[in-house]
Structures are given as C-alpha cells and as structure tokens.
Amino acid sequence: AYSASKRDSLAVDADSNGIPSPGDTLEYTIVVSNTGNQEVTNVAFADTPDANTALVVGSVTTTAGSVSSGNSGGDTSVGVAIGSLNGGTSATITFRVTINNPLPAGVTQIANQGTLSSAQLPTVVTDDPDTPASEDPTVTPITADPVLIAAKRDSLAVDADGNGTPSPGDTLLYQITIQNTGNQAATGVVFNDTPGANSALVVGSVTTSAGTVTSGNSAGHTSVAVNIGTIPGGGSVTVTF
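What counts, and where the lines are drawn
Residues numbered from 1 in each chain as written. Predicted model: local features only at pLDDT ≥ 70, side-chain atom pairs only at ≥ 80, totals over all residues. Heavy atoms only, no water. Pairing = 2+ DSSP bridges. Helix = DSSP H or I, 4+ residues; strand = E, 2+ residues; numbered from the N terminus. 1 Å grid on protein atoms, 1.4 Å probe; cavity = no way out; pocket = protein on both sides within 12 Å on 5 of 7 lines; lining within 4 Å. Points joined across faces, edges and corners; volume = space filled by probe spheres on them. Nonpolar A, V, L, I, M, F, W, Y, C, P; charged D, E, K, R; others polar.

S.K.: Please explain the pairing of strand β3 (residues 40–47) as it appears in this structure.
M.R.: Taken residue by residue, a regular strand's side chains alternate between the two faces of the sheet. Examined bridge by bridge, β3 and strand β7 (residues 78–85) share six bridges and lie antiparallel to one another. Paired with A44 across the strands is A81, a residue of β7. Taken together, the three bridges between β3 and strand β10 (residues 115–117) define a ladder with antiparallel strand orientation. What sits directly across from F45, in β10, is L116.

So, in structure tokens, the structure goes:
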C-alpha cells in the first residue's frame with residue numbers, strides 16, 4: 001500500500017500581510033509513503049495547480065527519482081518519476097505556485113490535489129493531513145478584496161461668452177474615473193450623480209467606457225446613472241457627462 005500527504009505553506013508573502021493572498025507564493029510539500037512491506041515500482045506523481053494559480057517553473061524538487069515536468073520553460077504541471085519505493089520508505093516532493101493577482105470575484109480559496117500511480121497498485125490521490133477527511137484536496141483560504149476609488153475632474157467644454165472662465169450659460173464637462181485598486185473583482189458597480197441645483201444636465205451627453213447608461217441620455221432625465229457591472233482588480237472605468 002502507498003499514500004501521499006500534501007501540506008501547504010506560505011513561501012513568499014508578497015504583500016507582507018501574513019496570510020495567503022493574491023500575488024503570494026505557496027509551497028506544497030508532498031510525502032509519498034510505501035506503508036506496505038513489499039517494494040512498489042514505477043511510482044509516479046502528477047499534479048496540476050489550481051486554475052487561479054501558476055506553477056513556479058523550476059521549483060519542483062524530489063528526494064527520489066527525477067522531475068519529469070515542472071522545471072522547464074512552458075511547463076504548467078508537475079510530474080515526478082519516483083521509481084521504486086521499498087516497504088516502509090518514503091519520498092518527499094515540493095513545488096511552488098503563485099496565486100493569481102487579481103482574483104476573480106468570489107474566489108476565497110485555492111484547492112490542489114495530486115495523484116500517485118505505480119505498476120502494482122491503483123491510482124490514489126493526495127490527502128490533506130490537516131483535516132480529518134481522507135484523500136481530500138489541500139485547501140488554502142485566500143484573503144482578497146476589491147477597493148473602489150473615484151476621482152472627478154471638471155473642465156470648461158463650451159465657453160458661451162468667450163471669457164475664458166466658467167460663467168453663467170457655459171457648459172462644463174465632468175470626467176469620473178472609477179478604479180478598483182484591490183486584488184479581487186468588484187461586481188454590481190453602479191455610478192449615480194445629480195448635477196448641482198444651479199446647473200442642468202445636458203441630456204444625451206453621458207458616456208461610459210464600460211457598462212450601460214441607465215439615466216441621463218433620454219428626454220426628461222435630470223440625473224446620471226450608469227450600471228457599470230464588474231471592474232476587475234487593477235481595472236478602471238471612465239464616465240463623462
């Protein structure tokens with residue numbers, strides 16, 4: 001019989017917040033054990049990282065056999081040809097992955113599980129020894145949040161009296177830049193704006209670089225509303241009116 005345990009640890013804390021988060025690097029340690037009393041041959045380990053992570057190419061190590069995938073340019077998965085394991089012996093494999101930055105909305109964990117095969121025994125999957133369940137994936141909770149900020153600039157679009165400064169009868173242009181400076185997508189983003197009492201919205205002047213204008217471009221509208229939707233981490237949207 002053989003088995004494989006798989007533990008995770010925070011190898012590189014890129015944002016120095018002390019917990020796994022987008023942009024950080026995790027290290028997996030897999031211990032492959034022959035718990036029987038006879039030799040097992042052609043033992044091989046394979047692992048494909050979670051879709052929200054990327055393998056750190058060149059990070060794969062093994063105490064037995066050789067690395068067949070993971071240490072060459074373009075590799076996206078891990079393969080180790082362990083070879084033979086005598087009864088009561090073990091081999092240790094390690095590799096690293098970097099958590100994608102930013103993450104899609106709703107992603108709160110990274111899950112990973114490898115497989116172990118041999119000439120004599122059925123294929124088995126890795127087990128997270130930190131949980132009571134058997135043969136379960138190794139799950140890493142991830143902390144990620146969107147952070148929205150908005151900047152609004154004004155400029156003189158139409159200088160009706162030609163005096164070079166904003167004055168009654170002139171038309172102003174507002175430009176609003178909404179940024180997600182966080183490491184996860186923000187969803188359901190909506191922008192609203194009601195012009196000051198001493199100004200009147202120019203109906204039809206509302207534009208947005210993403211989403212849909214829901215108020216401001218039809219007759220009778222007196223305020224601006226834009227259904228922006230999703231802004232990915234690091235992304236921005238510009239609204240003007």
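Next comes the rest of the write-up.
S.K.: What exactly am I supposed to notice about the layout of surface pockets here?
M.R.: Any empty space left between the atoms is revealed when a probe the size of a water molecule rolls over them. One number sums up the size of the largest pocket: a volume of about 300 Å³. With four residues, the single largest contributor to the lining of the largest pocket is strand β14 (residues 171–180). Of the residues assigned to the lining of the largest pocket, the class counts are ten nonpolar, six polar and one charged.

S.K.: Just checking my understanding: could you explain the sheet that holds strand β16 (residues 207–208) for this structure?
M.R.: Strand-to-strand pairing in sheets goes through backbone hydrogen bonds, with the strands running parallel or antiparallel. The strand order across the open sheet built from four strands is β13-β14-β19-β16, with neighbouring strands paired in antiparallel fashion. Bordering the open sheet on either side are β13 (148–158) and β16, each of which pairs with just one other strand. With two bridges connecting them, β16 and strand β19 (residues 236–240) associate as antiparallel partners. Within β19, the position partnered with T208 by the bridge is V239.

Keep in mind these numbers describe shape, not what the thing actually does.
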